[in-house]
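So you can see what is in the structure, the chains are spelled out below.
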Amino acid sequence: MTDDRVPGIEPEFDDRPRGGVDAPGILPHSVSSDRAAGLLAPGAVLLDESTAGLDAGFDEYGLSGASRSQLSTVVRRFLRDPMAMIGLGTFVLLLLGSILVSAFWRYSYLSITNTLNSPPSWAHPFGTNSIGGDMFAQVMKGTLQDIEISLLVALMAVVLGVAVGAPAGFYGGKVDSLLMRFVDLILVIPVLVVLIVLANIVAKETNNWFWLAIIIGALSWTYIARLVRADFLTLRERDFIEASRALGASDSRLILRHMLPNAIGPIIVNATITVAGAIVLESTLSFLGLGIQAPNVSLGLLIDSGQDSGTTEWWLLVIPVIFLLVLILAVFFIGDGLQRALDPKKNRVRA
Amino acid sequence: MTDATLVVDDLHVDFSSGDGVVHAVRGITFALAPEEVLGIVGESGSGKSVTALATMGLLPKNAKVTGSIRFRGEELLGLKEKALAKVRGSAIAMVFQDPLTSLNPVYTVGWQIAEAVRAHQDVSKDTARDEAVRLLKLVGIPDADHRVDNYPHEFSGGMRQRVVIAVAMANDPTVILADEPTTALDVTVQAQVLSTLKTALNETRASLLLITHDLGVIAGLADRVLVMYAGRPVEIGSVEEIFYAPSMPYTHGLLGSLPRVDSDGTERLRQIPGSPPTLVGDRVGCPFAPRCPLRAPICDEQEPELRPVVFRPSADGSDGPTRVVPAHVDGTDHLAACHFADEVSTMPTASMFPDTSADHEVVP
């Protein structure tokens, strides 16, 4: 049996009830979660109680359906992972904040005020730029823009990557060759050059983040496709896949229900990397003056326009950079937490 | 045997490899009666597992399968994948060798049993789950109501194999194929798994094709035994016939390599010298001849056919003192592929193979 408890890989925070002697998997869910709730840090209790309530709901229902209780296990484990919760909290804060600020802040990102080049103040928390634009409104709008773009890109990359990689790895042979040559074709296209050309045509014409995201997404799914294919190539040789086939599972059932969940860890990690990559790529394009165009804003565009004044009006550069970094880190944390929560072996009690 | 559930008729399986064609199975024929347990024994590479996989239609694409495999008269060879999927699991279920790898690590055992049920029966999730709990109880998983939500890695090897058996039972199959179900387990757990397998047979009234290289497992469970060597059946008969009147030197060799409870303990275990032949290319003569103590010129010229054994206890009493031949062993369904089968059937196992051990000190 493979033991994945390699020193250094196991996170030092695990979701076992501290000091408890019982294994969470062996007790009924409600018991273990209740017991764990009392032992967790005070900050986590609120969240934990909500899941305990969720569990009690399932118990009332007679714990119907293994998949449902499995889902609740994953949710509970995610909610108990401090790093994941920091990531999720930051992300939700950024998302809600940017939506609320875009809707309710007294200035819009298009507003031009009479205060030029003002450092952060009560009136303008993030200061103003050289033409009097309110940076708070602009940074939040840019953050929202980047979140929208990166999520759409990641979604596209995962869907396309799995749709191409899974059959390639599962069927092998001619299907594999054909699909992977197509992937190679996309891979050898110099992404930046294509983006520069396409973005110039599409984005400049429409000035629409949606099309920019579609272009980036259409070019960034290949890594996930190769990864999924490699995973499926090894998975299809595994005994439990043959066993499922011997039970009469169809190909699509094998791929979607038996193999994909086993490959979910690397997919999620790569999806988060794709999110970060999409933000960086969008920033790069905007920085080069090809992505989001003024008066629309994105973090990349703000960083681009802020760089000239970085030594004098520092807030124009530093604040968008910080937001970019925090956003990417938050996504990474969420991805890592999801991966931990989805791995059933992480529930294991150390002997 | 017209009412046989599973009939395998002259099955040949060839694999094309870089070195030439590998004849993994060269003409195996057997019929499995309802509720019968047929054991297939043989060394590694004798074609046991390939036979099982061919029956399930699970061989890789480079395998060339000829002959006939009929389930209740319906030909399985050449069936489309979709039609095969209907047969798999519901009519013929399989228990795999290694319970550590034959369960999906990301799903609870309950989900996996329910999944097997739902693959063939249109039932609700709750019903499938109840069925999973019932099956887990049946195969002797303690606290099944709670264990149903555990993942495979939370079970021991023996318990996992019981779960695998529960999965195989899920659709009340007519035939269960067990491919070395106890090989990956330690000896104390083997007995438990075998008794679980018996429970499963009683419950489902299924026939069992038991593939193993462990004659002890065969003796405990099987009604009939088929001995394979180099891709061919070399002897088939009831358990009594095989164990008390083995009629092929290879069977003698297998039995001679096992400790016997009914001997006085002074007998050394015998080994069969040499190793199994390569299955690449064509060969003339009996495949066992190079390792056979009774090798004669005819053995190198002609491969013996399977034919009925006429059991004749020798008049001069050369029957070994340790061999007790039950009266009902009459050789009617006892076939062996040896030019000297009739003679071999009366020979004592103990002296057939030379004692090749290095130390010859007398065992007190």
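Rules used in this analysis
- Residues numbered from 1 in each chain as written.
- Chains lettered and ligands numbered in written order.
- Predicted model: local features only at pLDDT ≥ 70, side-chain atom pairs only at ≥ 80, totals over all residues.
- Heavy atoms only, no water.
- Helix = DSSP H or I, 4+ residues; strand = E, 2+ residues; numbered from the N terminus.
- Buried < 20%, exposed > 50% of the residue type's maximum accessible area, 1.4 Å probe, protein only.
- Contact = heavy atoms within 4.5 Å.
- Buried area = accessible area lost by both parts, 1.4 Å probe.
- Salt bridge = Lys/Arg side-chain N within 4 Å of Asp/Glu carboxyl O.
- Axes fitted to C-alpha atoms, helices over the stretch in contact; angles between N-to-C directions.
- Left-handed = near helix turned anticlockwise from the far one by under 90°.
- Nonpolar A, V, L, I, M, F, W, Y, C, P; charged D, E, K, R; others polar.
- Pairing = 2+ DSSP bridges.
- Parallel < 35°, antiparallel > 145°, perpendicular 65-115°, else oblique.
- Patch = residues over 30% accessible without salt bridge, like charges linked within 9 Å, V, L, I, M, F, W, Y side chains within 5 Å.
- Areas by Shrake-Rupley, 256 points an atom, 1.4 Å probe, with all protein chains shown as cover.
- pLDDT = per-residue confidence, 0-100.
- Expected span 1.5 Å × (residues − 1).
- Phe/Tyr/Trp six-rings, centres within 6.5 Å; stacked < 30°, edge-to-face > 60°.

1. Focus on the overall build of chain A
Along chain A, the regular secondary structure elements total 14 helices and zero strands. Shown N-terminal to C-terminal, the secondary structure of chain A runs as helices and strands in the order α-α-α-α-α-α-α-α-α-α-α-α-α-α. For chain A, the residues scored as buried account for 49% of the 351 residues in total. At a minimum sequence separation of 6, the contacts of chain A that also span at least 24 residues come to 70%.

2. Describing the interface of chain B and chain A
Residue-level contacts link 38 residues of chain B with 30 residues of chain A. Summed over both sides, the interface of chain B with chain A buries roughly 3,200 Å², with 55% coming from carbon and sulfur. Among the residues chain B hides against chain A, the three largest losses belong to Trp111(B), Glu115(B) and His153(B). Together they make up 17% of the total. In this assembly, chain B and chain A are joined by three salt bridges. Where Glu81(B) meets Arg245(A), a salt bridge forms, and the shortest distance between an N and an O atom there is 3.9 Å.

3. What to know about the pattern of salt bridges
Evaluated as defined, the whole model comprises 21 salt bridges over all chains. Among the salt bridges present, the one from Arg134(B) reaches Glu131(B), with a minimum N-O distance of 3.0 Å. Of this pair, Arg134(B) and Glu131(B) are both found in helix α4 (residues 125-138), three residues apart, which corresponds to roughly one turn of the helix. The closest approach of N and O atoms between Arg295(B) and Asp300(B), which form a salt bridge, is 3.1 Å. Taking relative accessible area as the criterion, Arg295(B) reaches 44% and is therefore assigned partly exposed. By relative accessible area, Asp300(B) is classed as partly exposed at 37%. By sharing partners, the salt bridges in this structure join Arg245(A), Asp251(A), Glu81(B) and Arg88(B) into a single network.

4. A short note on the packing of helix α5 (residues 135-171) of chain A against helix α9 (residues 222-235) of chain A
Residues and elements named next belong to chain A. Remark: α5 packs on α9, axes separated minimally by 7 Å, with the N-to-C direction vectors making an angle of 35°. Pair α5 / α9 crosses with right-handed handedness. Residue-level contacts link Ala 157, Val 158, Gly 161, Val 162, Val 164, Gly 165, Ala 166, Ala 168, Gly 169 and Phe 170 of α5 to Ile 224, Ala 225, Val 228, Arg 229, Phe 232 and Leu 233 of α9. Grouping the amino acids of the contact of α5 with α9 by side-chain chemistry returns twelve nonpolar, three polar and one charged.

5. A look at the sheet that holds strand β6 (residues 92-95) of chain B
The strands that make up a sheet are held in pairs by hydrogen bonds between backbone atoms, and each pair lies either parallel or antiparallel. Strand order in the open sheet made by the eight strands is β6-β7-β8-β3-β9-β10-β12-β11 (chain B), with mixed pairing throughout. At either margin of the open sheet sits one strand with a lone partner, and together these are β6 and β11 (307-308) of chain B.

6. Considering the packing of α5(A) against helix α11 (residues 251-259) of chain A
Residue and element names in this part refer to chain A. Put simply, α5 and α11 touch, their axes get as near as 11 Å, and they point 115° apart. Between α5 and α11, the interaxial angle falls into the category roughly perpendicular. Crossing geometry of α5 relative to α11 is assigned as right-handed. Together, Ala 166, Phe 170 and Tyr 171 of α5 and Asp 251, Leu 254, Ile 255 and Met 259 of α11 make up the contact between the two elements. For the contact of α5 with α11, a count of residues per class yields six nonpolar, no polar and one charged.

7. Describing a nonpolar patch on the surface
Residues Val92(A), Leu96(A), Leu100(A) and Phe104(A) make up a contiguous nonpolar surface patch of about 410 Å² in total accessible area. Tracing the backbone shows Val92(A) in helix α4 (residues 82-104).

8. Overview of the sheet that holds strand β4 (residues 63-71) of chain B
Residues and elements named next belong to chain B. The antiparallel open sheet is built from four strands, whose spatial order is β2-β1-β4-β5. Edge positions in the sheet fall to β2 (20-32) and β5 (74-75), since each has one partner strand and no second. In this sheet, β5 lies alongside β4 in antiparallel orientation, the contact comprising two bridges. Within β5, the residue paired with Phe 71 across the bridge is Glu 74.

9. Considering the pairing of strand β7 (residues 175-179) of chain B
Residues and elements named next belong to chain B. Burial of β7 is extensive: five of the five residues sit out of reach of the surface. Burial along β7 is two-sided: the face carrying Val 175, Leu 177 and Asp 179 and the face carrying Ile 176 and Ala 178 are both buried. Both β6 and β7 contribute to a ladder of four bridges, which runs parallel. Bridged to Val 95 within β7 is Ala 178.

10. Considering unusual backbone geometry
Backbone geometry follows two general trends: most residues other than glycine have a negative phi, and most peptide bonds adopt the trans configuration. All names here are of chain B. Backbone geometry at Asp 10 places phi at a positive 50°, although glycine is not the residue there. Phi angles above zero are rare outside glycine, and Ala 230 is one such case at about 50°. Its location among the elements puts Ala 230 in the loop between β9 (224-229) and β10 (232-238).

11. Focus on the confidence of the model for chain B
All names here are of chain B. The pLDDT averaged across chain B works out to 84; a share of 90% of its residues lies at or above 70. Taken element by element, the predicted model of chain B shows its lowest mean pLDDT in helix α12 (residues 341-344) (82) and its highest in strand β3 (residues 37-41) (93). In this model residues 315-324 is a low-confidence stretch, pLDDT under 50, and it forms 15 contacts with partners more than four residues away in sequence or in other chains. Confidence metrics for the complex model read pTM 0.75 and ipTM 0.78.

12. Some points on the environment of Ile241(A)
With respect to the secondary-structure elements, Ile241(A) resides in helix α10 (residues 239-246). Sequence separation between Ile241(A) and Met259(A) is 18 residues, and the spatial gap between their C-alpha atoms is 7.5 Å.

13. Some points on helix α3 (residues 109-120) of chain B
Residues and elements named next belong to chain B. Compared with an ideal rise of 1.5 Å per residue, which puts twelve residues at 16 Å, α3 spans 18 Å between its outermost C-alpha atoms and is within 8% of the ideal. Burial runs high along α3: nine of the twelve residues are buried. Listing the buried residues of α3 in full gives Val 109, Gly 110, Trp 111, Gln 112, Ile 113, Ala 114, Glu 115, Ala 116 and Val 117.

14. Description of the packing of aromatic side chains
All names here are of chain A. Taken as a whole and assessed by the stated rule, the structure comprises twelve aromatic pairs over all chains. A centroid spacing of 5.6 Å and a plane angle of 65° characterise the contact between Phe 126 and Phe 323, whose relative ring orientation is edge-to-face. Pair noted here: Phe 126 is in the loop between α4 and α5 and Phe 323 is in helix α14 (residues 315-342), with a separation of 197 residues, a long-range link. The exposure classification of Phe 126 matches that of Phe 323, with both residues buried. Measuring from ring centre to ring centre gives 5.8 Å for Trp 314 and Trp 315, while their planes differ by 85°; the resulting arrangement is edge-to-face. For Trp 315, a relative accessible area of 5% puts it in the buried group. The structure contains a cluster of three or more aromatic residues connected by ring pairs, namely Trp 105, Tyr 107, Phe 126, Phe 136 and Phe 323.

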